[in-house]
Amino acid sequence: KDFDSLLSAILRNVFLAKISATDEDKIIEDGLAVAERAGLQAKQLAHQLSIFAQGGYQVHKMEQMEPLLKEAAQNIFKDPGIKCNIYIPEELWQCEIDAKQIRQVFENVLINAKEAMPNGGAVDLIAENTTIGTNIKSLKKGSYVRITIKDYGEGIPPEHLSRIFDPYFTTKKKGRGGLGLGLAISDSIIKYHSGLISVESSVGLGTTFSIYLPATLKNEA
Ligand SMILES: Nc1ncnc2c1ncn2[C@@H]1O[C@H](COP(=O)(O)OP(=O)(O)OP(=O)(O)O)[C@@H](O)[C@H]1O
Ligand SMILES: [Mg+2]
């Protein structure tokens, strides 16, 4: 929080300097624009890290997934242009999770979906109960809630697929967001929850992320 207010103070003053620069101050103005973008990125990073750093003292509570998913979708798809179709069965299992962290994961994936469809389109957000046997190697046998987030955007070329969860891997233009940390942080959060995040994609057709979170059935709780 302190770090965030420091950055806000810097940004406020950069902004003031920028609007008081005269026409002859073109170089100063360009410099300030660079400082401003860096400041905004630092703010975004500080926010992600502050949520992630809570992993040290994670609060795992039994949560309903439905409100979390709906909040995340509402936060990301504020403006029209992208239609978010949400399918959640009534009897969806509950999960023991850190709600703030998991909402951040949903938001990171939804932001990517939005950024993959600059001209608008649709995103499908599907939640399901599923039982995993031995079919997914990196998951223990048991009950899971699977969240599927499907976009119809640009897709990911096969040579990038294995790198998208790497810290700082990004294909987005420098200076316009795109630190390449969204998925790296999301992957860590899901691993802390003993879950799994996986991806399938076809260039030109779209991308599907699947997030598995261990479920706690009512009679086990
Ligand atoms: N839904 C998607 N469609 C197409 N490409 C994607 C999608 N999601 C992720 N990617 C690719 O994976 C890369 C890494 O994603 P990640 O969210 O980690 O970083 P970023 O979005 O580039 O930056 P940040 O999330 O830090 O703002 C992206 O730059 C993009 O190339
Ligand atoms: Mg991202």
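Refer to the structure presented above.
Residues numbered from 1 in each chain as written. Chains lettered and ligands numbered in written order. Predicted model: local features only at pLDDT ≥ 70, side-chain atom pairs only at ≥ 80, totals over all residues. Heavy atoms only, no water.

Enquirer: Can you explain the overall build of the protein? Please cite residues and give values.
Expert: Along its length, the protein carries six helices and seven strands. Each helix (α) and strand (β) of the protein, taken in turn from the N terminus, gives the series α-α-β-α-β-β-α-β-β-α-α-β-β. Counting the 221 residues in the protein, one finds 40% classified as buried. Sequence-distant contacts, at least 24 apart, represent 73% of the contacts inside the protein between residues at least 6 apart. Counting every atom, the protein has about 12,900 Å² of accessible surface; 55% of that belongs to carbon and sulfur. Here the protein contributes 25 positively and 27 negatively charged side chains, and the mean placements of these two sets differ by 2 Å. (Helix = DSSP H or I, 4+ residues; strand = E, 2+ residues; numbered from the N terminus. Buried < 20%, exposed > 50% of the residue type's maximum accessible area, 1.4 Å probe, protein only. Contact = heavy atoms within 4.5 Å. Areas by Shrake-Rupley, 256 points an atom, 1.4 Å probe, with all protein chains shown as cover. Lys, Arg positive; Asp, Glu negative; His and termini not counted. Charge placed at Lys NZ, Arg CZ, Asp CG, Glu CD.)

Enquirer: Can you explain the pairing of strand β5 (residues 142-151)? Please cite residues and give values.
Expert: Along β5, seven of the ten residues are buried, which leaves the element largely enclosed by surrounding structure. One ladder, built from eight bridges, connects β5 with strand β7 (residues 206-216); its direction is antiparallel. Its bridge partner being in β7, K150 is matched across the sheet by T208. (Pairing = 2+ DSSP bridges.)

Enquirer: Break down the site of ligand 1 for me, citing the residues and quoting the values.
Expert: Around ligand 1, the surrounding shell holds 21 residues, and the nearest of these are N112, D151, T170, T171 and K172. Residue N112 places a side-chain N or O atom 2.8 Å away from an oxygen atom belonging to ligand 1. In this structure, an oxygen atom belonging to ligand 1 sits 2.6 Å away from a side-chain N or O atom of T170. When isolated, ligand 1 has an accessible area of 590 Å², and the protein chains bury 94% of it. Listing elements by their share of the shell around ligand 1, those giving two or more residues are α4 (99-115), α6 (182-192) and β7. In terms of residue count, the dominant contributor to the shell around ligand 1 is α4 (three residues). (Near = heavy atom within 4 Å. Polar contact = N/O pair within 3.5 Å; in protein donor to acceptor, adjacent residues only side chain to side chain.)

Enquirer: Can you tell me about the pairing of β7, naming the residues and giving the values?
Expert: Residues in a regular strand point their side chains to alternate faces of the sheet. Extensive coverage of β7 is indicated by the burial of ten of its eleven residues. For strand β6 (residues 196-202) and β7, the ladder comprises seven bridges, and the chain directions are antiparallel. By the bridge assignment, S202 is partnered in β7 with G206. The loop that links β6 with its antiparallel partner β7 comprises three residues; one of these, G204, has a positive phi angle of about 85°.

Enquirer: Tell me about the pattern of salt bridges, and please be specific about residues and values.
Expert: Counting across every chain of the model gives eight salt bridges. Here D187 and K191 are joined by a salt bridge, their closest N and O atoms 2.8 Å apart. Note that D187 and K191 are positioned in helix α6 at a spacing of four residues, about one turn of the helix. Residue D187 is classed as buried on the basis of its relative accessible area, which comes to 15%. Relative accessible area serves as the criterion here: at 56%, K191 is assigned to the exposed category. (Salt bridge = Lys/Arg side-chain N within 4 Å of Asp/Glu carboxyl O.)

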